[in-house]
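# Observations on chain architecture
Take a look at the letters that make up each chain.
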There are 2 protein chains.
Amino acid sequence: MKKYNFSAGPAILPKSVMQEAGEAAIDFNGMGLSILEISHRSKEFTAVMDEAVSLVQELLGLNDDYEVLFLSGGASSQFFMSAMNLLNENDTAAYINTGTWSKKAIAEARKFGNINVVATSEDENFSYIPKHYEIPGDAKYVHYTSNNTIFGTQFHELPKTDLPLICDMSSDIFSRPLDSSRFGMIYAGAQKNMGPAGTTLVVIRKDMLGKVTRDIPTMLNYETHIKKGSMFNTPPAFPIFVSMLTMRWVKANGGLEGMAKHNEAKAKILYDEIDRNPSFKGVARKEDRSLMNVTFVPVDDGITADFLAACDAAGCSGVKGHRSVGGFRASIYNAMTQEGIQALVDVMKGF
Amino acid sequence: MKKYNFSAGPAILPKSVMQEAGEAAIDFNGMGLSILEISHRSKEFTAVMDEAVSLVQELLGLNDDYEVLFLSGGASSQFFMSAMNLLNENDTAAYINTGTWSKKAIAEARKFGNINVVATSEDENFSYIPKHYEIPGDAKYVHYTSNNTIFGTQFHELPKTDLPLICDMSSDIFSRPLDSSRFGMIYAGAQKNMGPAGTTLVVIRKDMLGKVTRDIPTMLNYETHIKKGSMFNTPPAFPIFVSMLTMRWVKANGGLEGMAKHNEAKAKILYDEIDRNPSFKGVARKEDRSLMNVTFVPVDDGITADFLAACDAAGCSGVKGHRSVGGFRASIYNAMTQEGIQALVDVMKGF
């Protein structure tokens, strides 16, 4: 049976990428060696790293003001590393709280500076994106989470500010075009839209750096990794390789414009069914609905188990909702096909 | 042509492991999904994590006093995390300096406590293991690097102390039996003897924890990961999976006793040729020679390029020595076969 993976992360990757990744784990580029066993200093792997960096630059339209790093430790490590590297103890940063991941980012940043939460949608269980807020003039940056995996909301416009934006883009990076010049820093755990678990993309504008006075352990200092092109220590080679393959696929499929068109069309099919079908209702406010994570609940709780069983029977896996929201969640990242969406919609039509 | 991978790390893994890893990247256990795309919370992946932890416990003979973690960030992150988690600012720890990695561990630990370097072999470019030293009575632990990848030395006996040992075992873990009860903590980047780059094994005795007063970012606190079974955030799933496969292979091939026998026999063939062949000489003192990384130099520098070309022609890759030592280095971890050693020795015999 064909499987459609609606898991929130680690998540679906293009079939061709998984095929190529599997083959390279056995024999990479006809070297007679696996990508898993070659030195990160070999010319074969440095070519992978160079291409990965260059694809990020190209897809995000980055100019020379930006550095591109592949680190490890997940977005969860960037919650504290961003503040540790960019904020002195008496500095202020503005944070927008749109859910679980924003809250964690806020809690970790508070260990390093004054964190001013300028807006939150916690009053309605994070079912919307706050749009009106005042940002203190002395803030060094504005941090937000562009897409909220758990609650199914997404910023469809950048926060209104002249300050540099810092964004946790883990769950919607490379899903739509971006004005990268507005960002002081972008970070993303790979395992949603970029690759498998195990590497974290960090894009940082150089002028954000060199302003803090604290003593930072070498491995936690962005400058360490910038100086060594993400090779200060052995990088997570295979996750970076698979991310590179995924970015190649994004580029070959129309780049970020192509992804946006494809993602809008896919999401529309699913949201249209949610709005049409009297058995279901959407969780997020319509104008803030995520094109990546579609959250919906049954009108009658009694159908939940039957619906999930019918999803399984149709090959649709990972549709169970997160416990903070309940109901259902379909994660429909770049690699999800219209065919997959249609399979899920067909199940919904039976209810 | 058959390839023999003598790379220092990322390094050779068993052929069967790379084959199985590649197949799982395409379809894991007949699920119709790749190991790269399934949720870390799925029962299929939690079974992988559980088996990985249980194999570590079994191979190292750990009792219930120890916790087993799979983290990321490499051994380089453990250089500071160990001291950050285990040492208060006024506490003292004893460190033995046997080379590049020990020095880095010392430098990072100094940010968090009083580091007393009780012994060093820097006077002879780290070509031996110091054996006589005094450890201050108030030290909380003794840190050492069990095998020195760059210089080709290895501790063949544990440091003499009643204090808990903390050991960077990145390049010889699972290569020989171990009295694990002597250790307060063991850590190892996967990419030499355990798996591919991207995960770090941390084994920690519970009574080492809970003694520091500093405020530690959540992701850097061992207790965070202990409480969540290495699943506080999305773990580096594929590197952990491949490490699990490698440990299965170690167990199936005689466990640590089997590895030791195999490693001793392999290393003997190579060291015997180094000692016999007038064109080469060994770098490390004989009694401290590493069974994992065999360092040797040409008696006449003029043969270096020819020898490396002959290695390449025979399928022996990664034999070039590290710049700190020069000459040649053959890394012969668990997965290196006697056939591979013989191929290299055959090349040496031509000189």
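Here is what the cut-offs are and how they apply
- Residues numbered from 1 in each chain as written.
- Chains lettered and ligands numbered in written order.
- Predicted model: local features only at pLDDT ≥ 70, side-chain atom pairs only at ≥ 80, totals over all residues.
- Helix = DSSP H or I, 4+ residues; strand = E, 2+ residues; numbered from the N terminus.
- Rg over C-alpha atoms; globule rule 2.2 N^0.38 Å.
- Buried ≥ 20, exposed ≤ 12 C-beta atoms within 10 Å, placed from the backbone.
- Pairing = 2+ DSSP bridges.
- Axes fitted to C-alpha atoms, helices over the stretch in contact; angles between N-to-C directions.
- Contact = placed C-beta atoms within 7 Å.
- Core = buried A, V, L, I, M, F, W, Y, C linked by C-beta atoms within 7 Å.
- Nonpolar A, V, L, I, M, F, W, Y, C, P; charged D, E, K, R; others polar.
- Parallel < 35°, antiparallel > 145°, perpendicular 65-115°, else oblique.
- Left-handed = near helix turned anticlockwise from the far one by under 90°.
- Domains from an automatic or database assignment.
- Least-squares fit on C-alpha atoms with pLDDT ≥ 70 in both.
- Expected span 1.5 Å × (residues − 1).
- Bend = angle between axes of the 7 residues up to and from the residue.

Another point: the overall build of chain A. When its secondary structure is counted, chain A shows 9 helices and 14 strands. Whereas a compact globule of 351 residues would reach a radius of gyration of roughly 20 Å, chain A reaches 20 Å, a difference of no more than 12%. In terms of overall dimensions, chain A has a C-alpha envelope of 60 × 60 × 30 Å along the principal axes. A buried classification covers 56% of the 351 residues belonging to chain A.

Turning our eyes to something else, we now look at the sheet that holds strand 10 (residues 200–205) of chain A. All names here are of chain A. Taken together, the 7 strands give an open sheet; going across it, the order is 2-10-9-8-5-3-4, and neighbouring strands pair in mixed fashion. Looking at the sheet topology across the chains shown, the edges are occupied by strand 2 (66–71) and strand 4 (114–120). Shown here is a sheet whose adjacent strand axes are inclined to one another by a mean of 15 degrees, direction ignored. Bridge count between strand 5 (residues 139–145) and strand 8 (residues 165–168): 4 bridges; the pairing is parallel. The residue bridging His143 from the neighbouring strand is Ile166, located in strand 8. Helix 3 (residues 74–86) contacts strand 3 (92–97), strand 5, strand 8, strand 9 (183–189) and strand 10 of the sheet and is inclined by roughly 155 degrees relative to strand 9.

What follows covers the nonpolar core. Membership of the largest hydrophobic core comes to 234 residues, with the highest contact counts inside it found for Val203(A) and Val203(B). The contacts of Val203(B), once residues within four sequence positions are left out, are Val56(B), Leu60(B), Leu62(B), Tyr66(B), Val68(B), Met185(B) and Ile186(B).

All right, on to the interface of chain A and chain B then. Counting residues at the interface gives 50 residues for chain A and 50 residues for chain B. Only helix 1 (15–26), helix 3 and helix 6 (237–252) of chain A provide two or more residues apiece to the side of chain A that touches chain B. Of all the elements, helix 1 of chain A adds the most residues to the side of chain A that touches chain B, at 7 residues. By residue class, the composition of the side of chain A that touches chain B is 23 nonpolar, 21 polar and 6 charged.

Let's shift gears to the packing of helix 3 (residues 74–86) of chain B against helix 4 (residues 100–109) of chain B. Relative placement of two packed helices is described by the angle separating their axes and the distance separating the axes. Residue and element names in this part refer to chain B. Following both chains from N to C, one finds helix 3 and helix 4 inclined at 40 degrees, their axes separated by 8 Å at the closest point. As judged from the angle between their axes, helix 3 and helix 4 are oblique. Both helix 3 and helix 4 take part in a crossing whose hand is right-handed. Between helix 3 and helix 4, the contacting residues are Ser76, Phe79, Phe80 and Ala83 on the first element and Lys104, Ala105, Glu108 and Ala109 on the second. Looking at side-chain class alone, the contact of helix 3 with helix 4 contains 5 nonpolar, 1 polar and 2 charged residues.

Glancing now at the domain arrangement of chain A. Residues and elements named next belong to chain A. Each assigned domain of chain A is listed here: domain 1 (15–252) and domain 2 (255–349). Computed from C-alpha coordinates alone, the two centres of domain 1 and domain 2 are separated by 26 Å. At the interface, 24 residues of domain 1 touch 23 residues of domain 2. The set of elements that each furnish at least two residues to the side of domain 1 that touches domain 2 consists of strand 6 (147–148), strand 7 (153–154) and helix 6. When its residues are assigned to classes, the side of domain 1 that touches domain 2 shows 9 nonpolar, 11 polar and 4 charged.

This part is about the relation of the copies chain A and chain B. Rotating chain A by 180 degrees about the axis while translating it 0.0 Å along that axis superimposes it on chain B, leaving an RMSD of 0.0 Å. The operation mapping one copy onto its partner corresponds to a two-fold rotation axis. Among all residues of chain A, the one whose C-alpha sits closest to the rotation axis is Gly22(A), at a distance of 2.0 Å. When the interface residues of chain A are mapped onto chain B, 100% of them again lie at the interface, so the same face is used by both copies.

Okay, helix 3 of chain B next. Residues and elements named next belong to chain B. With 13 residues, helix 3 ought to run about 18 Å at 1.5 Å a step, and its terminal C-alpha atoms sit 18 Å apart, in line with that. The principal kink in helix 3, of about 30 degrees, is found at Phe80. Across the 13 residues of helix 3, 13 count as buried, placing the element largely inside the fold.

It is worth spelling out the pairing of strand 8 of chain A at this point. Residue and element names in this part refer to chain A. Covered by surrounding structure in strand 8 are Leu165 and Cys167 together with Ile166 and Asp168, the residues of both alternating faces. As paired elements, strand 8 and strand 9 share 4 bridges and run parallel to each other. When the bridges of strand 9 are listed, Cys167 appears paired with Ile186.

To continue, consider unusual backbone geometry. With an omega of -10 degrees, the peptide bond between Gly9(A) and Pro10(A) qualifies as cis. Note that Pro10(A) resides in the loop between strand 1 (4–5) and helix 1. One non-glycine residue, Phe174(A), adopts positive backbone phi at about 65 degrees. Structurally, Phe174(A) is set in the loop between strand 8 and strand 9. Using a count of 27 C-beta atoms within 10 Å as the deciding quantity, one classes Phe174(A) as buried. Backbone geometry at Asn125(B) places phi at a positive 45 degrees, although glycine is not the residue there. Take Asn125(B): it is sitting in the loop between strand 4 (114–120) and strand 5 (139–145).

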